[in-house]
Amino acid sequence: MSNGQYEVGRGTKVRVAVLNDCDRVFPESTVFTVATTAVLANATSITVTVAPATTRIIKAPVWLLFEDATGKQVPVKVTADIAAGATTLTILAPKRGIAIGATAPYPVLLRNRTNANLTSDDAQQDVMTFDNDGWKDQITTMLGNGVSANGYFSSTDPGLKSIMFARENFKELYLELELPKPGCDNTYTKGFVFRGFAGVQGVPIEIPSDNIMNCNLEFKFRGPVTTVEPT
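Residues numbered from 1 in each chain as written. Predicted model: local features only at pLDDT ≥ 70, side-chain atom pairs only at ≥ 80, totals over all residues. Heavy atoms only, no water.

Visitor: Mind showing me how you'd approach unusual backbone geometry here?
Guide: If a residue is not glycine, its phi is most likely negative; likewise, a peptide bond is most likely trans. Omega for the bond connecting A51 with P52 falls within 30 degrees of zero, at -5°, which places this linkage in the cis form. Secondary-structure assignment places P52 in the loop between β3 (45-51) and β4 (62-67). The residue after Y106, namely P107, is reached through a cis peptide bond having omega 0°. Position of P107 among the secondary structure elements: in the loop between β7 (103-106) and β8 (108-109). Even without being a glycine, C22 presents a positive backbone phi close to 60°. As for its position among the elements, C22 is in the loop between β1 (13-18) and β2 (30-34). Its identity is not glycine, yet T36 carries a phi of approximately 75°, on the positive side. Along the chain, T36 turns up in the loop between β2 and β3. (Helix = DSSP H or I, 4+ residues; strand = E, 2+ residues; numbered from the N terminus.)

The following block contains the structure:
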């Protein structure tokens, strides 16, 4: 048996987005691209193209990470709602300039994770009748899932900022866990994708004096989890 049939977690992606109030709809995946002119460090707006075009409002605040062709990354906080079809983002002045053509995907990646676990939290009800002759039986009454995402703390990571905002303001998150493609089969581009609405269970930050700061996150899905087969 070839070990190429086994899968390595390297390349797993965790994406998050803060849900609009009372909005239990998966956010529209899109990419914001800086257009027309470079963004200066003291700018308070960005002219962008949006592809695919969005059809629903994205409520502020929104944290994005713009990256240009050289790999330069600049985190940006969008401070006003993003209307459907908007071509301008109102932002908090970034610390550094952003080049034309720099892109920012949405929902945002939760970066600096060292591992992620999809956990089960099912409820079982014991069943005992005269017909069982004393043998224990059960039926499943509820299904549940959670995600733990251990990793390093980064003060500028848009994903972590989105999670902290959601927790502090009693909001739900869109949470997506995308696994790498199956083994060595190059006919696939991605593995299973698990998508759903989640609550933040905790944002513990470990701050050692002699080591890297950690932030090991815990989530609970609220309602069903949508499972997308490898493609």
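So that's the structure; there's more coming.
Visitor: Which parts of the structure should I look at to understand helix α1 (residues 158-168)?
Guide: The periodicity of an α-helix, 3.6 residues per turn, causes residues three or four places apart in sequence to face the same way. Where α1 is concerned, the buried positions are P158, G159, L160, S162, I163, F165 and A166. Remark: F170 follows α1 within two positions and exhibits a positive phi of approximately 55°. (Buried < 20%, exposed > 50% of the residue type's maximum accessible area, 1.4 Å probe, protein only.)

Visitor: Could you clarify how one ought to interpret the environment of T12 in this entry?
Guide: Note that T12 resides in the segment before β1. Leave out the neighbours within four places in its chain, and T12 touches L177, E178, L179 and P180. Polar contacts involving the side chain of T12 include one to the main-chain carbonyl oxygen of G9, which spans 2.7 Å. (Contact = heavy atoms within 4.5 Å. Polar contact = N/O pair within 3.5 Å; in protein donor to acceptor, adjacent residues only side chain to side chain.)

Visitor: Help me out: how do you make sense of the side chain of T30 in this one?
Guide: Following the sequence through the fold, T30 ends up in strand β2. By relative accessible area, which is 4% here, T30 ends up buried. Here the side chain of T30 touches P52 through a polar contact of 2.6 Å, landing on its backbone oxygen. Apart from residues lying up to four places away in sequence, T30 is in contact with V50, A51, P52, T54, A104, P105 and Y106.

Visitor: Quick question: what am I supposed to make of the packing of aromatic side chains here?
Guide: For any two aromatic rings, the description comes down to two numbers: the centre-to-centre distance and the angle of the planes. This structure, assessed with the given rule, holds four aromatic pairs. On the numbers, 5.2 Å between centres and 50° between planes, the contact of F26 with F197 is tilted. Of the two residues, F26 sits in the loop between β1 and β2 while F197 sits in strand β14 (residues 193-202), which places them 171 residues apart along the sequence. Judged by its relative accessible area of 23%, F26 falls in the partly exposed class. (Phe/Tyr/Trp six-rings, centres within 6.5 Å; stacked < 30°, edge-to-face > 60°.)

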